[in-house]
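Now for the letters of each chain:
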Amino acid sequence: MQKKVTLLGATGSIGDSALDILCANPDRFAVETLVANQSVKKLAQAAVKTHAKRAVVADESKYQELKDVLAGSGIEVAAGRSAVIAAGADDADVIVSAMVGAAGLEPTMAAVQAGKTVALANKESIVCAGSLVRKAVAQTGATLLPVDSEHNAIFQVFDANAPESIEKVIITASGGPFRTASLEEMRVATPAMALKHPNWSMGQRITIDSATMMNKGLEVIEASHFFPVSVDQLEVLVHPQSIVHGMVQYKDGALLAHMSPPDMRTPISHCLGYPERVEINGARLDLAKLSTLSFEEPDLVRFPGLRLGFAVARMGDMAGTVYNGADEVAVSAFLSGQIGFLDIVATVEETLEHFDSRGLLVKPGSLDDILELDKQVRVVAGEFASQRSSVL
């Protein structure tokens, strides 16, 4: 029996990997809806290739273009915010939430509130609204599966039936392109340098976040919501080979690790097939050839974004909203040449201090509270980034 799948974020890097799996397994999966932000041509091609029931573009101005491209295909076409949110509550067995940034919040929450199985790649949903998402999961019985390679790895070796037996959870980090760089070298780093990730092929924002290790801060926050452990039980280790993606240390001394090649199709296929496995045509580990796997503690002086992430994980959803939104703004400013590489985390920290000092990081009552704060954060972070750009 085919599983019906809706893919939110069909034209991004996660979307590409998910589509590869869906196209390779037409007997196991049927595509209900594909959603993209603006990439009409790529969305239409994917919809035709997968025989999707409908295609949705978030940008309403692209509606007619999408309709024209898909004319005669029999594929339904929709556009705009309401259509994207509706896609989250589709008549599908699995909703893959892979939209980039806070834009994925509403459709992800719609999927959870509809009691769906949600394969979550949009980490912002849980970073910004973790307590609300968990509450909705408890109310509706939705199933939340982590797509991030680290959280998916931990999910597979975490004994959910006996969380009290767990001593700590270890998230691994590649260290990014500046793992051994000095602060001075990072100060003059260009976007081209920061986008040269040694192991993974990812979108621009997450690649820059890997270079600053802000992504690990986001993952610490995410892990604090995904797994029933305290922030004090979370640890990050730098693992340059990106083979071990996550580990769980048990109280009896056993350390369980999940290993796989650095290929996002592995965690995506796990979520799509769960609880069964889906075969993918990819590289297999040859431990004899690998020979050495190394681990080291992260340098919180050179990578303060990770230190900040642990602090935010203890502060709650609104702090997560500030951390994420300010980072999106700062990364965009860096990529456009407005600020320097080290200014990214500095901008995030300034923005967080701004809202914290004003007592604005109270517990959210609803998703609207988070969305409103996110708007304010982007304005304030933009102002701080502009101030920094003036001294470049």
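The structure displayed is predicted, hence computed values, not measured ones. (Residues numbered from 1 in each chain as written. Predicted model: local features only at pLDDT ≥ 70, side-chain atom pairs only at ≥ 80, totals over all residues. Heavy atoms only, no water.)

Here we look at the pattern of salt bridges
What the rule picks out here adds up to 27 salt bridges. Measuring nitrogen to oxygen at the nearest pair gives 3.2 Å for the salt bridge that ties D90 to R54. Highlighted residues: D90 in the loop between α4 (81-88) and β5 (94-97) and R54 in strand β3 (residues 54-57), separated in sequence by 36 residues. One exposure class covers both D90 and R54, and it is buried. R187 is the partner of E184 in a salt bridge, and the nearest nitrogen-oxygen pair spans 3.3 Å. A residue pair is termed a helical-turn pair when its members lie 3 or 4 positions apart in one helix, as E184 and R187 do in helix α8 (residues 183-187) at three residues. Three or more residues joined by partner-sharing salt bridges are found here, namely E124, R205, D209, D327, E328, D374 and R378. (Salt bridge = Lys/Arg side-chain N within 4 Å of Asp/Glu carboxyl O. Helix = DSSP H or I, 4+ residues; strand = E, 2+ residues; numbered from the N terminus. Buried < 20%, exposed > 50% of the residue type's maximum accessible area, 1.4 Å probe, protein only.)

Overview of the packing of helix α14 (residues 304-315) against helix α15 (residues 317-335)
Describing two packed helices takes the angle between their axes plus the distance from one axis to the other. Running from amino to carboxyl end, α14 crosses α15 at an angle of 150°, the nearest separation of the two axes being 7 Å. Taken together, α14 and α15 sit at an angle that is classed as roughly antiparallel. Crossing of α14 against α15: the hand is left-handed. On the side of α14, the interface is formed by G305, L308, G309, V312 and M315, while α15 contributes A319, G320 and Y323. (Axes fitted to C-alpha atoms, helices over the stretch in contact; angles between N-to-C directions. Parallel < 35°, antiparallel > 145°, perpendicular 65-115°, else oblique. Left-handed = near helix turned anticlockwise from the far one by under 90°. Contact = heavy atoms within 4.5 Å.)

Observations concerning the sheet that holds strand β4 (residues 76-79)
If you walk across this open sheet you meet the seven strands as β4-β3-β2-β1-β5-β6-β7, and the pairing is parallel. Among the strands making up the open sheet, the edge pair consists of β4 and β7 (143-146). The average angle at which neighbouring strand axes cross in this sheet is 20°, direction not considered. Where strand β1 (residues 3-8) and β5 come together, four bridges link them in parallel fashion. Along β5, the bridge assignment pairs V5 with V94. Together, β1, β2 (29-36), β5, β6 (117-120) and β7 form the strand contacts of helix α12 (residues 265-273), whose direction differs from that of β1 by roughly 135°. (Pairing = 2+ DSSP bridges.)

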